[in-house]
Amino acid sequence: MKTASQSSTWAIIGASGFIGLRALEGLHDRDGIAVRPVVRAASSLAVLARRRLDWRIAGPRDLASLTGALRGCSVCIHAALGDPLQIEQMATVAYQACAAAGVRRLVWLSSASVHGQNPAPGTDESSPIHDRHLLAYNNAKVRAEHRLEKLSADGRVEVARLRPGVVFGPRSRWITDTAADLRAGRAGWLDEGRGVCNSIHVDNLVHAIRLAATVPAAAGHAFVVGDAESVIWRDFLLPVATHLGLSANDFAIAAPAALVAERETPFAALTRSRLYQNLGEHVPDRAKRLVKSLASAWPAPALAPGAWRLPRSSSNAPRLTLEHTLLQRCAWKLPHAKAARILGYTPPVPFAEGLAASLAWLDFAEGPR
Amino acid sequence: MRAASPVTLVLVGCGAVSRLFYQPALLELRRHGLVNILAVVDPRAEARAPLAVALGAAACTKLDEALELRPELVVIATPPALHRAQAEAAFAAGGAVLCEKPLAASATDADAMAAAAARTGRLLAAGHYKRFMPAHRALKTLIERETFGPLLDATLVEGGKFSWPAATDSFFQREQTPGGVLLDIGVHVLDLLRWWLGDPTNYTYADDALDGLEANARLDATFASGASVRLRLSRDWRTENVYVFRFARATVHSRVNASNQLEFTLDGLPMTLAAELREPLPGRPAPPTRALDTNPQAFIAQLVDVCAAIRENRAPFVPGIEGAQALRWVEACYARRTTLPIH
């Protein structure tokens, strides 16, 4: 098998997303690599169209269109988002499309969440991963990795998997949502933010992507990647507050979510059924999106009457999501020693510098206040 | 308004704007006997056929076929590069034209369209329907009459992650659509600014296009009245989607596309009035009046106005030349653009 080369074209599936777009900017603008963005709809081109690029529109679960989109590429970076079911399906389709199109290496953006948001001390890539996590997303990422391991046994495509943790940077939800929560007075933390934050600035991740695509020995491996520093959530959240003119006092002591497994909605359960999946192959994507949006818009049961409440009541502490609860209880900095050893990964962007740049972007994006 | 007889029309272009806006609007107008939809035109069968069925109209692959039906009005909702030729063909066939924004691919083409309309004595209306929104009409009155004192400055932020269901990537190909967010949503705002404040006396412009189409744009302008305006547009990230007007004695917030709503913060009053705009109350005890036009109703109002203008042989509320001038400002912005930093 040949080694992936920087002189050929690299496809980025999901190039309009936060990570995909940053990867495109880093690889194309900075490294001069010929990059082919692959997006699922024309509307995803809005930001990509700032550059004249040889883009393709292809569904990440549509084998025929994805294969066509990948032809002529030697590397495929998979950064597309999806719900748990889509994540699993995308792994299979991505591998098969790469194989059919002659792509030599697939860089699969997995997640540190395959180890759980609160991994046991000592966890690293050698720790077994399982699909019994409380979060369906984690389980989907695990199953996707398992599918890729199984598929790549045929040797047609080299697969390198990256497991980033909390990816932050310009456009990241960790920046925008935190700022929005602080402004809305609904920001909260557990134990004053003393939990470990397995952060990684997006440019460090792009650096890891570059290495995973080019280092011959990366094939067949999964790599945890993160920032160089050991960071706690307070290190991350407090500078955002300070930047907005707020302080630690603006974080309430949050109510943690109950540690119970996410329950699928009846609609999600239906979508996992064999009947639905068989039928789904014959239903246009537009119709599927319509059904999904109708299902999600279905009215929730009425809450208790809220008329007899104090306005702006502060009696309800912010309730963290299950994901945030687990993340903020984390006590283990996932090591990236394996990435350092095999890929030569050394994160180029210091955490503080990355956070400052992210906040500078926030100012830029929000414009006049 | 009830026209003497329904205005016969054809709809050219069966993309997202036709499906999402013109289809329901035209069905409503036909229900009221204001229009008779003769045909829809689009080279793509998959776009043309469902719209033809929904509107009960003939499906034509080419404009020429539809013009043989002698429509009184041709509604053009195609990529801007096609507008000029289609409008000129419509005028030559004796039809009036309502053309979606931007009026053309260039100000030169837009001027040519306006000249063709004048030469043939046909009506050309620009699809700047946001002028029909009650909130925008109210703002024009507040600015002109200085109800709260003179306008000091305005900050307008609009946009969000792009979600328009574009059927093809022509929207992002410079050859088909010669501008990004400024030409797309910005041309509406520039048209409104000209309508409210006249032509700017000075302005600077910056965007983030590299060798393609901009996703973020910034315009800072001053006007003859002394008012300054900051405009921020994005297809990239969520914005507040609000226009803020600071008058001498009040601040008015107008949420984007909240057609019949305004928020007033009056000096000396420690609260904000979030108002639904309604038909005026008489100066005597009376029940609440009807709410003014919503966003879809403002879109319908433009079509009603164009139909009435045809019947009454008058100019439409937003004549083509206004669309040409908004487009000229867009082009002037591009000509003097500086580059926004990419973070």
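One structure accompanies this document, and this report is about it. Just so you know, these numbers come straight off a predicted model, no measurement behind them. (Residues numbered from 1 in each chain as written. Chains lettered and ligands numbered in written order. Predicted model: local features only at pLDDT ≥ 70, side-chain atom pairs only at ≥ 80, totals over all residues. Heavy atoms only, no water.)

**Thoughts on the overall build of chain A**
Each helix and strand counted, chain A has 13 helices and 13 strands in total. Taking all 369 residues of chain A together, the buried fraction comes to 51%. Looking at chain A alone, contacts between residues at least 24 apart form 81% of all its contacts between residues at least 6 apart. (Helix = DSSP H or I, 4+ residues; strand = E, 2+ residues; numbered from the N terminus. Buried < 20%, exposed > 50% of the residue type's maximum accessible area, 1.4 Å probe, protein only. Contact = heavy atoms within 4.5 Å.)

**Some points on the interface of chain A and chain B**
In this assembly, 24 residues from chain A lie in contact with 31 residues from chain B. Across the chain A/chain B interface, buried area totals approximately 2400 Å², and carbon plus sulfur atoms make up 57% of it. Counting across the chain A and chain B interface gives three salt bridges. Taken together, the connections running from chain A to chain B amount to 13 residue pairs in polar contact (both at pLDDT 80 or more). (Buried area = accessible area lost by both parts, 1.4 Å probe. Salt bridge = Lys/Arg side-chain N within 4 Å of Asp/Glu carboxyl O. Polar contact = N/O pair within 3.5 Å; in protein donor to acceptor, adjacent residues only side chain to side chain.)

**Quick look at the sheet that holds strand S11 (residues 242–247) of chain B**
Residues and elements named next belong to chain B. Ordered by their spatial adjacency, nine strands build an open sheet running S14-S13-S12-S11-S7-S10-S9-S8-S15, and the pairing between neighbours is mixed. At either margin of the open sheet sits one strand with a lone partner, and together these are strand S14 (273–276) and strand S15 (338–339). Of the pairings in the sheet, the one linking S11 to strand S12 (residues 250–255) comprises five bridges and is antiparallel in character. Looking across to S12, one finds that Val 244 is bridged to His 253. Lying on the sheet, helix H9 (residues 320–335) is in contact with strand S8 (200–207) and strand S9 (216–223); it crosses S8 at an angle near 60 degrees. (Pairing = 2+ DSSP bridges. Axes fitted to C-alpha atoms, helices over the stretch in contact; angles between N-to-C directions.)

**What about empty space enclosed by the protein?**
For the structure shown, the criterion picks out two cavities of 30 Å³ or more. Taken as a whole, the largest cavity encloses approximately 60 Å³ of empty space. Surrounding the largest cavity, Arg 50, Arg 171, Trp 361 and Phe 364 of chain A together with Asp 208, Asn 216, Asp 236, Trp 237, Pro 341, Ile 342 and His 343 of chain B form its lining. By residue class, the composition of the lining of the largest cavity is five nonpolar, two polar and four charged. Within this model, the second largest cavity holds a volume of roughly 40 Å³. For the second largest cavity, the full set of lining residues is Ala 112, Gly 165, Asn 198, Ser 199, Val 224, Val 225, Gly 226, Lys 333 and Leu 334 of chain A. When grouped by side-chain class, the residues that make up the lining of the second largest cavity number four nonpolar, four polar and one charged. (1 Å grid on protein atoms, 1.4 Å probe; cavity = no way out; pocket = protein on both sides within 12 Å on 5 of 7 lines; lining within 4 Å. Points joined across faces, edges and corners; volume = space filled by probe spheres on them. Nonpolar A, V, L, I, M, F, W, Y, C, P; charged D, E, K, R; others polar.)

**A word on the pattern of salt bridges**
If charged atoms from side chains of opposite charge come close, those side chains can pair. A complete count under the given rule lists 46 salt bridges over all chains for this structure. When the shortest N-O distance is used, the salt bridge between Arg 22 of chain A and Asp 203 of chain A registers 2.7 Å. Of this pair, Arg 22 of chain A sits in helix H1 (residues 18–30) while Asp 203 of chain A sits in helix H6 (residues 202–214), and the two are 181 residues apart along the sequence. Looking at Arg 22 of chain A, the relative accessible area reads 12%, which means it is buried. A relative accessible area of 15% places Asp 203 of chain A in the buried class. Glu 322 of chain B is the partner of Arg 194 of chain B in a salt bridge, and the nearest nitrogen-oxygen pair spans 3.4 Å. Highlighted residues: Arg 194 of chain B in helix H7 (residues 181–197) and Glu 322 of chain B in helix H9, separated in sequence by 128 residues. Per residue, the accessibility class of Arg 194 of chain B equals that of Glu 322 of chain B, and both read buried. One continuous salt-bridge network, built from bridges that share partners, spans Arg 22, Glu 25, Asp 29, Arg 50, Arg 51 and Asp 203 of chain A together with Asp 208 of chain B.

**Structural notes on the packing of aromatic side chains**
Going through the model one piece at a time under the given rule, you end up with 25 aromatic pairs over all chains. A centroid spacing of 6.1 Å and a plane angle of 50 degrees characterise the contact between Phe 21 of chain B and Trp 164 of chain B, whose relative ring orientation is tilted. One end of the pair, Phe 21 of chain B, is in helix H1 (residues 16–31); the other, Trp 164 of chain B, is in the loop between strand S7 (151–159) and H7, with 143 residues separating them in the sequence. Judged by its relative accessible area of 24%, Phe 21 of chain B falls in the partly exposed class. We classify Trp 164 of chain B as partly exposed; its relative accessible area is 28%. Summarising the aromatic geometry, the rings of Trp 196 of chain B and Tyr 243 of chain B are spaced 6.4 Å apart at their centres and angled 75 degrees between planes, so their arrangement reads as edge-to-face. Here Trp 196 of chain B is found in helix H7, whereas its partner Tyr 243 of chain B is found in strand S11, with 47 residues between them in sequence. Cluster of aromatic residues (ring-pair linked, three or more members): Phe 168, Trp 174, Trp 233, Phe 236 and Phe 351 of chain A. The ring centre of Trp 174 of chain A lies 4.3 Å from the NZ or CZ of Arg 173 of chain A, which sits over that ring. (Phe/Tyr/Trp six-rings, centres within 6.5 Å; stacked < 30°, edge-to-face > 60°. Lys NZ or Arg CZ within 6 Å of the ring centre and 35° of its normal.)

**Points about the sheet that holds strand S2 (residues 35–39) of chain A**
Residue and element names in this part refer to chain A. Judged by pairing direction, the sheet is parallel, and its seven strands sit side by side in the order S3-S2-S1-S4-S5-S6-S11 without closing on themselves. Every interior strand has two partners, whereas the edge strands, strand S3 (56–57) and strand S11 (222–225), have only one. On top of the sheet, helix H3 (residues 84–101) reaches strand S4 (73–78), strand S5 (105–109) and strand S6 (158–164); it is set at about 165 degrees to S5, its chief contact.

**Observations concerning unusual backbone geometry**
The peptide bond linking Lys 101 of chain B to Pro 102 of chain B adopts the cis configuration, its omega dihedral lying at -15 degrees. Considering the arrangement of structural elements, one finds Pro 102 of chain B in the loop between strand S5 (96–100) and helix H5 (107–120). Unusually for a residue other than glycine, Arg 171 of chain A sits at a positive phi of about 80 degrees. Here Arg 171 of chain A is to be found in the loop between strand S7 (166–168) and helix H5 (173–183). Take Arg 171 of chain A: its relative accessible area is 17%, and that puts it in the buried class. Although it is not a glycine, Glu 192 of chain A adopts a positive phi angle of roughly 50 degrees. Looking at where Glu 192 of chain A falls in the secondary structure, it is placed in the loop between strand S8 (188–189) and strand S9 (196–197). Residue class for Glu 192 of chain A comes out partly exposed when judged on its relative accessible area of 41%.

**Considering a nonpolar patch on the surface**
Residue and element names in this part refer to chain B. A cluster of nonpolar side chains, Leu 269, Met 271 and Leu 273, forms an exposed patch at the surface whose accessible area comes to about 250 Å². Along the polypeptide, Leu 273 turns up in strand S14. For Leu 273, a relative accessible area of 36% corresponds to the partly exposed category. (Patch = residues over 30% accessible without salt bridge, like charges linked within 9 Å, V, L, I, M, F, W, Y side chains within 5 Å. Areas by Shrake-Rupley, 256 points an atom, 1.4 Å probe, with all protein chains shown as cover.)

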